[in-house]
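Understanding the architecture of this molecule
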Amino acid sequence: MAPGAGGLRRVLTDVRRGGGGQGAQAMYVSLRDRPRPAPPRGRRARVAAPVVLLGVTSMFTDISSEMVAATLPLFVTVGLGLSPL
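Residues numbered from 1 in each chain as written. Predicted model: local features only at pLDDT ≥ 70, side-chain atom pairs only at ≥ 80, totals over all residues. Heavy atoms only, no water.

The next subject is the overall build of the chain. Looking only at helices and strands, the chain has one helix and two strands in total. Its helices and strands taken in sequence order, the chain reads β-β-α from the N to the C terminus. In the chain, the share of contacts with a sequence separation of at least 24, taken over all contacts with a separation of at least 6, comes to 14%. (Helix = DSSP H or I, 4+ residues; strand = E, 2+ residues; numbered from the N terminus. Contact = heavy atoms within 4.5 Å.)

Further remarks concern the confidence of the model for the chain. Summing up the model confidence of the chain, the mean pLDDT is 75 and the portion of residues at 70 or higher is 61%. In the predicted structure, residues 4-17 sits below a pLDDT of 50 and forms 33 contacts with residues beyond four places in sequence or in another chain. (pLDDT = per-residue confidence, 0-100.)

Another aspect to go through is a nonpolar patch on the surface. Taken together, the side chains of Val 47, Val 51, Val 52, Val 56, Met 59, Phe 60, Ile 63 and Met 67 present a nonpolar region at the surface, about 740 Å² in accessible area. For Phe 60, the position within the fold is in helix H1 (residues 49-79). On the basis of relative accessible area, Phe 60 is assigned to the exposed category, the value being 53%. (Patch = residues over 30% accessible without salt bridge, like charges linked within 9 Å, V, L, I, M, F, W, Y side chains within 5 Å. Areas by Shrake-Rupley, 256 points an atom, 1.4 Å probe, with all protein chains shown as cover. Salt bridge = Lys/Arg side-chain N within 4 Å of Asp/Glu carboxyl O. Buried < 20%, exposed > 50% of the residue type's maximum accessible area, 1.4 Å probe, protein only.)

Here we take up H1. Along its 31 residues, H1 runs 41 Å from first to last C-alpha, staying within 8% of the 45 Å computed at 1.5 Å per residue. Count one or two residues on from H1 and you reach Gly 81, which has phi positive near 75°. (Expected span 1.5 Å × (residues − 1).)

Quick look at the structure:
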């Protein structure tokens, strides 16, 4: 894997320095690749404001496209006077 590819790079070292065995634990080579600790249980993570605004915008876009798709055949036949066939 290329450096900086986002994967965990770790080296197994032995606590006893006697080689691999039951005392081996993970030592992370880079702080950037280290997994983040879990958030405290009593506190919930907040969603950033731009993410919420994008979600609301997407919802309104979906609603408007469904409204247009439902009323467009009626507009074409009644409003413009075109034939349904």
